[in-house]
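# Remarks on the overall topology
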Amino acid sequence: MAAEEGGEPRFYMCSCFTSDNIFLDEYKLHVRFVSEQLFRQDYQALLTRLGCTTDQQFEEVLHKIYQEVDRRRRLAVISAERAAAIKRTYRPLHPHVYHLQESYLALELKQIVEYCRSSSATRKGLLELLEEEAAPKVYRFPVFQKSFCEELMEELEHFEQSSAPKGRPNTMNHYGILLNELGFDETFITPLREHYLHPVTTLLYPDCGGGCLDSHKAFVVTYDMNKDLDLSYHYDNAEVTLNVSLGKEFTDGNLYFGDMRQVPVSETECTEVEHRVTEGLLHRGQQMHGVLPISFGQRWNLIIWMRASRERNKLCPMCNRRPSLVEGDGFADGFTKHETPPNMSCALT
Ligand SMILES: O=C(O)CCC(=O)C(=O)O
Ligand SMILES: [Fe+2]
């Protein structure tokens, strides 16, 4: 991990955050915006084909883009302000759920991790312990006890109903909760990533940063018949993602997985994967995926986008260029100034 003077690691964003991957909901399209002229040149014909045919519709698209760029420019400051306000004003219903305890974890996960930590552990041996490979390189295993999932959702509902300020989980999901703002990072998500997930990802994904994860972005997304029903096909701003189904009761809402983002969609076959409450699906962040609509109930998922600065410092997955670093808050988008010697591989710990 990169350490700056004083021992604290410092994480950065890539400057593409305010120009690339702007999602246009109505047209299910990610766009890049640098100037209006370039935007018209690059997207006007495509948008027309997708149904954006009048001047007014085009103006609305531009308006949404300006709003989103503005939101992203102010995000670090606003998010820090929200976190401070939450700390000052919000009284948790279940304070203990903020602190990871072994008793919250499924027995199977503890066994899997114990195996991964042993000196004789192999990838093949681990695959035999996992419940299934649900899609290519997408692995399923139990993560939490049911009672913990219920308490966590109760806590998050209590927060939703409070007057504390709330952000949105990412640029595609409208409903959910950013766990760092609520204070889950240091005492829950970081220990879960370091002590339990890292030993597993080290064996499963050595070729895409699984052995050197050093930061994350964690949030809970919710789907509801009156809110978001589904999620478009995308890849995550992560090297490895854990997606745990917390509940509640829902019908449909399966995930579907395609190939890595570099493979053209026309050459991709998707595999549908159902979610099971308390279980997690672990996948490479840059493997394309989406969520089919739910047809009943409420679907709550904990999503942990795990990042490996050593991987992403070489190439920003969101703009496909060498990252151009800008300051951010907390783990930011997981980039560091740390220079990795060319042949240095990630530690197998
Ligand atoms: O809701 C899900 O199961 C997937 C969410 C997801 O892919 C994401 O937030 O990146
Ligand atoms: Fe995702």
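Residues numbered from 1 in each chain as written. Chains lettered and ligands numbered in written order. Predicted model: local features only at pLDDT ≥ 70, side-chain atom pairs only at ≥ 80, totals over all residues. Heavy atoms only, no water.

The name recorded for the chain in an unreviewed UniProt entry is 2-oxoglutarate and iron-dependent oxygenase domain containing 2, from Kryptolebias marmoratus. The annotation that UniProt attaches to the chain under Cofactor (unreviewed entry) is "L-ascorbate". (UniProt positions renumbered as here; feature names shortened; annotations may be inferred.)

Take the overall build of the chain next. In terms of helices and strands, the chain carries 8 helices and 16 strands. Computed over the C-alpha atoms, the radius of gyration of the chain is 20 Å, within 12% of the 20 Å expected from 2.2 N^0.38 for a compact globule of 349 residues. For the chain, the spread of C-alpha atoms along the three principal axes comes to 60 × 50 × 45 Å. Counting all 349 residues of the chain, 52% fall into the buried class. Here the contacts in the chain between residues at least 6 apart in sequence split such that 78% fall between residues at least 24 apart. Here the chain displays about 16,900 Å² of accessible surface, and carbon together with sulfur accounts for 50% of that area. Charge-centre separation for the chain: the mean point of 38 positive side chains lies 3 Å from the mean point of 51 negative side chains. (Helix = DSSP H or I, 4+ residues; strand = E, 2+ residues; numbered from the N terminus. Rg over C-alpha atoms; globule rule 2.2 N^0.38 Å. Buried < 20%, exposed > 50% of the residue type's maximum accessible area, 1.4 Å probe, protein only. Contact = heavy atoms within 4.5 Å. Areas by Shrake-Rupley, 256 points an atom, 1.4 Å probe, with all protein chains shown as cover. Lys, Arg positive; Asp, Glu negative; His and termini not counted. Charge placed at Lys NZ, Arg CZ, Asp CG, Glu CD.)

Turning next to the nonpolar core. Within the largest apolar cluster, 53 residues are counted, with the highest numbers of intra-cluster contacts made by Phe-144 and Phe-184. Of all the elements in the fold, those that place two or more residues in this core are helix H3 (107-117), strand S5 (138-142), helix H5 (146-161), helix H6 (179-182), helix H7 (185-204), strand S7 (215-224), strand S9 (240-247) and strand S15 (294-307). Top element by residues in this core is H7. It accounts for 8 residues. Ignoring sequence-local partners within four residues, the contact set of Phe-144 consists of Tyr-104, Leu-105, Ala-106, Cys-149, Phe-188, Leu-192, Val-244, Leu-246, Thr-278 and Leu-302. If you look at the next biggest cluster of nonpolar residues, it comprises 19 residues, including Ala-134, Ala-135, Met-172 and Ala-238. (Core = buried A, V, L, I, M, F, W, Y, C linked by side-chain atoms within 4.5 Å.)

With that settled, consider the coordination of the iron ion (ligand 2). The textbook angles at a metal center are 109.5 degrees for a tetrahedron of four donors and 90 or 180 degrees for an octahedron of six. All of the protein donors around the iron ion (ligand 2) are His-234 (NE2), Asp-236 (OD) and His-289 (NE2); their distances to the metal are 2.1 to 2.2 Å. The motif formed by the donor residues of the iron ion (ligand 2), counted along the single chain, is H-x1-D-x52-H. One end of the pair, His-234, is in strand S8 (residues 231-234); the other, His-289, is in strand S14 (residues 287-291), and 55 residues separate them in sequence. Of the two residues examined, His-234 and His-289, each falls in the buried class. (Donors = N, O, S within 2.8 Å, 3.2 Å for Na, K, Ca; no water.)

Bringing the packing of helix H1 (residues 36-49) against helix H2 (residues 55-89) into the picture now. Think of two packed helices as two axes; the pair is described by the angle between the axes and how far apart they sit. At their nearest, the axes of H1 and H2 sit 12 Å apart, and the two run at 125 degrees to each other. When the axis of H1 is compared with that of H2, the two are oblique. For the element pair H1 and H2, the recorded crossing hand is right-handed. Residues Glu-36, Phe-39, Arg-40, Gln-44 and Leu-47 of H1 form the contact with H2, whose participating residues are Phe-58, Glu-59, Val-61, Leu-62, Ile-65 and Tyr-66. Residues belonging to the contact of H1 with H2 are distributed by class as follows: 7 nonpolar, 1 polar and 3 charged. (Axes fitted to C-alpha atoms, helices over the stretch in contact; angles between N-to-C directions. Parallel < 35°, antiparallel > 145°, perpendicular 65-115°, else oblique. Left-handed = near helix turned anticlockwise from the far one by under 90°. Nonpolar A, V, L, I, M, F, W, Y, C, P; charged D, E, K, R; others polar.)

The next point concerns the environment of Val-273. Relative to the elements of secondary structure, Val-273 occurs in strand S12 (residues 271-273). Note: C-alpha distance between Val-273 and Gln-262 (11 residues apart in sequence) is 21 Å. Excluding anything up to four places from it in sequence, Val-273 contacts Ala-134, Ala-135, Arg-140, Asn-254, Leu-255, Phe-257 and Leu-281.

With antiparallel pairing, the 4 strands of this open sheet are ordered in space as S8-S14-S11-S12. Since the sheet does not close on itself, it has two edges, and those belong to S8 and S12, each with one partner. Here the average twist between neighbouring strands, direction ignored, is 25 degrees. The sheet contact formed by strand S11 (residues 255-260) and S12 spans 3 bridges and is antiparallel. Looking at the pairing, Tyr-256 lines up with Glu-272 of S12. (Pairing = 2+ DSSP bridges.)

Here we come to the side chain of Asp-224. Mapped onto the fold, Asp-224 is located in strand S7. Despite being buried, Asp-224 has no salt bridge partner; Lys-227 is the closest side chain of opposite charge, sitting 4.7 Å away. Separated by 3.0 Å, the side chains of Asp-224 and Gln-298 make a polar contact. In contact with Asp-224, other than residues within four places in its own chain, are Leu-229, Ile-294, Gly-297 and Gln-298. (Salt bridge = Lys/Arg side-chain N within 4 Å of Asp/Glu carboxyl O. Polar contact = N/O pair within 3.5 Å; in protein donor to acceptor, adjacent residues only side chain to side chain.)

Below, the discussion takes up the site of ligand 1. Contacts to ligand 1 come from 17 residues, most closely from Tyr-223, Asp-236, Asn-243, His-289 and Arg-299. A distance of 3.2 Å separates an oxygen atom of ligand 1 from a polar atom in the side chain of His-234. The separation between an oxygen atom of ligand 1 and a polar side-chain atom of His-289 is 3.0 Å. Coverage of ligand 1 by the protein amounts to 99% of the 290 Å² it exposes when considered alone. Elements represented by at least two residues in the shell around ligand 1 include exactly S7, S8, S14 and S15. Counting residues per element, the shell around ligand 1 draws most heavily on S15, which supplies 4 residues. Partitioned by chemical class, the residues of the shell around ligand 1 number 8 nonpolar, 7 polar and 2 charged. (Near = heavy atom within 4 Å.)

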